[in-house]
Amino acid sequence: MVSKKDWDVERYEARHGYVWNFGRGVMEWLAPKAGEAILDLGCGAGQLTSEIAEAGAQVVGVDAAPSMIAQARINYPSLTFQLADARTLTFENEFDAVFSNATLHWVRPPEDAVRCIARALKTGGRFICEFGGKGNVQSVVDACGGRTPDWYYPSIAEYSTLLERYGLEVCEAALFDRPTPLEPGPDSMEDWLRMFVKNLTDEQVRAAVEKLRPKLYDGQLWTVDYRRIRLKAVKSDGR
Ligand code: BEZ
């Protein structure tokens, strides 16, 4: 996994709500049904996990960050959350669907996660995911001069090939720009960098903000150049 210390959950919930609010589109692809067993991989503080549960599904939320799992348990005490790394999941043929929003760009090597996801699904089960796609936050990557984490932003071709290698047949895929407005205010870009690009000095943060200002700030709102890859794949019976 990309070096990612534990999250500042308080700041994440207060100022980065777009992470799960924008997850609603991929939830429509998931279309959870009552009685289904669903794994929410990278559940964060549990906001989308609870929506899946509201549809009547039996959902398990997993996340690699202890602070997120602790907060998810506080937010939704009746739901099941487990601390787990996407690369070492031990579920086998248990889920009708594996769902993942805004997580898999943090996970390297991606093969390890895909192997675990494929193993966790029942035959015929579906994998629905959305995360950073090719070109995601390119302005930020450029402004930070190679100091951003080694995020994984694949193209549709690259990720589909990987999924197919593990028996997941891709039926739908999209790669699209999703400009993402941060919380209103002049400091939101700095806040974003401190939250997600953890190894910058104060000076490097300031320099990156100034490089980004002409492109991403309109005087009131910072809007980051997110690009999403969204896929639906089904676990084949191996024929
Ligand atoms: C994303 O959701 O695309 C993302 C979030 C934080 C850092 C980098 C990418």
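Fair warning: this is a prediction, and the values are worked out from it, not measured in the lab.

1. Let's talk about the overall build of the chain
Okay, so step 1: A count of helices and strands for the chain gives 10 helices and nine strands.
Okay, so step 2: Relative to the compact-globule value of 18 Å for 239 residues, the chain shows a C-alpha radius of gyration of 18 Å, a close match.
Okay, so step 3: Projecting the C-alpha coordinates of the chain onto the three principal axes gives extents of approximately 55 × 40 × 25 Å.
Okay, so step 4: For the chain, buried positions account for 51% of its 239 residues.
Okay, so step 5: Roughly 10,600 Å² of accessible area belongs to the chain as shown, and the carbon and sulfur atoms make up 48% of that amount.
Okay, so step 6: If the 29 positive side-chain charges of the chain are averaged to one point and the 34 negative ones to another, these points end up 3 Å apart.

2. Some details on the site of the ligand
Okay, so step 1: Within the structure, the ligand sits among H105, W106, N136, W151, Y153, W192, F196, Y226 and R228.
Okay, so step 2: Residue R228 places a side-chain N or O atom 2.6 Å away from an oxygen atom belonging to the ligand.
Okay, so step 3: Protein coverage of the free-state accessible area of the ligand, which is 260 Å², stands at 96%.
Okay, so step 4: Because more than half of its atoms lie within 2 Å of the grid, the ligand is assigned to the largest cavity.
Okay, so step 5: Grouping the amino acids of the shell around the ligand by side-chain chemistry returns six nonpolar, two polar and one charged.

3. Description of helix α5 (residues 66–75)
Okay, so step 1: Taken as a whole, α5 has its buried residues at S67, M68, I69 and A72.
Okay, so step 2: Against α1 (9–15), β2 (58–63) and β3 (80–83) lie the buried residues of α5.

4. Side note on the packing of helix α9 (residues 188–196) against helix α10 (residues 202–216)
The axes of two packed helices give the description: the angle between them and the distance between them.
Okay, so step 1: With their axes 9 Å apart at the nearest point, α9 and α10 run at an angle of 130° to one another. The angle between α9 and α10 places the two elements in the oblique class. In terms of crossing hand, the pair formed by α9 and α10 is right-handed. Within the contact between the two elements, α9 uses M189, E190, L193 and R194 and α10 uses D202, V205, A208, V209, L212 and L216.

5. Points about the nonpolar core
Buried together is how nonpolar side chains tend to be arranged in soluble globular proteins.
Okay, so step 1: Ranked by size, the top nonpolar core spans 45 residues in total, and within it F99, V140, M189, W192 and L193 carry the most contacts.
Okay, so step 2: Looking at this core, the elements with two or more residues in it are α1, α2 (18–21), α3 (24–30), α4 (47–54), β4 (95–101), α7 (138–143), α9 and α10.
Okay, so step 3: In this view, V140 contacts T148, M189, W192, L193, L212, V224 and D225; residues no more than four positions away in its chain are not counted.
Okay, so step 4: Ranked by size, the runner-up nonpolar core spans 31 residues in total, among them F91, A118, F131 and L168.

6. A word on empty space enclosed by the protein
Okay, so step 1: Taken as a whole and assessed by the stated rule, the structure comprises one cavity of 30 Å³ or more.
Okay, so step 2: Empty space within the largest cavity amounts to approximately 510 Å³.
Okay, so step 3: Together, 37 residues line the largest cavity, and Y12, N101, A102, T103 and W106 are the ones closest to its centre.
Okay, so step 4: Elements represented by at least two residues in the lining of the largest cavity include exactly α2, β1 (37–41), α4, β4 and α9.
Okay, so step 5: A class-by-class count of the residues in the lining of the largest cavity yields 25 nonpolar, seven polar and five charged.

7. Remarks on the pattern of salt bridges
Okay, so step 1: If you walk through the whole model with that rule in mind, you get 15 salt bridges.
Okay, so step 2: Put simply, E51 and R24 hold a salt bridge, and the shortest N to O gap is 2.4 Å. Taken as a pair, E51 in helix α4 and R24 in helix α3 lie far apart in primary sequence, 27 residues in all.
Okay, so step 3: Judged by relative accessible area, E51 falls into the partly exposed class, the value being 22%.

8. Structural notes on unusual backbone geometry
Excluding glycine, a negative phi dihedral is what most residues carry, and trans is how most peptide bonds are arranged.
Okay, so step 1: A cis amide bond, omega -5°, links R108 with the succeeding residue P109.
Okay, so step 2: Tracing the sequence through the fold places P109 in the loop between β4 and α6 (110–120).
Okay, so step 3: Even without a glycine there, the phi angle at A31 is positive, about 45°.
Okay, so step 4: Topologically, A31 is positioned in the loop between α3 and β1.
Okay, so step 5: Classification of A31 as partly exposed rests on a relative accessible area of 39%.

9. Notes on α9
Okay, so step 1: Within α9, seven of the nine residues are buried, leaving the element largely enclosed by the surrounding structure.
Okay, so step 2: Every buried residue of α9 is accounted for by S188, M189, D191, W192, L193, M195 and F196.
Okay, so step 3: Its buried side turned inward, α9 meets α1, α2, α7, α10 and β8 (223–224).

The rules behind the values
Residues numbered from 1 in each chain as written. Predicted model: local features only at pLDDT ≥ 70, side-chain atom pairs only at ≥ 80, totals over all residues. Heavy atoms only, no water. Helix = DSSP H or I, 4+ residues; strand = E, 2+ residues; numbered from the N terminus. Rg over C-alpha atoms; globule rule 2.2 N^0.38 Å. Buried < 20%, exposed > 50% of the residue type's maximum accessible area, 1.4 Å probe, protein only. Areas by Shrake-Rupley, 256 points an atom, 1.4 Å probe, with all protein chains shown as cover. Lys, Arg positive; Asp, Glu negative; His and termini not counted. Charge placed at Lys NZ, Arg CZ, Asp CG, Glu CD. Near = heavy atom within 4 Å. Polar contact = N/O pair within 3.5 Å; in protein donor to acceptor, adjacent residues only side chain to side chain. 1 Å grid on protein atoms, 1.4 Å probe; cavity = no way out; pocket = protein on both sides within 12 Å on 5 of 7 lines; lining within 4 Å. Sits in = over half its atoms within 2 Å of the grid points. Nonpolar A, V, L, I, M, F, W, Y, C, P; charged D, E, K, R; others polar. Contact = heavy atoms within 4.5 Å. Axes fitted to C-alpha atoms, helices over the stretch in contact; angles between N-to-C directions. Parallel < 35°, antiparallel > 145°, perpendicular 65-115°, else oblique. Left-handed = near helix turned anticlockwise from the far one by under 90°. Core = buried A, V, L, I, M, F, W, Y, C linked by side-chain atoms within 4.5 Å. Points joined across faces, edges and corners; volume = space filled by probe spheres on them. Salt bridge = Lys/Arg side-chain N within 4 Å of Asp/Glu carboxyl O.

The analysis is restricted to geometry; functional conclusions fall outside its scope.
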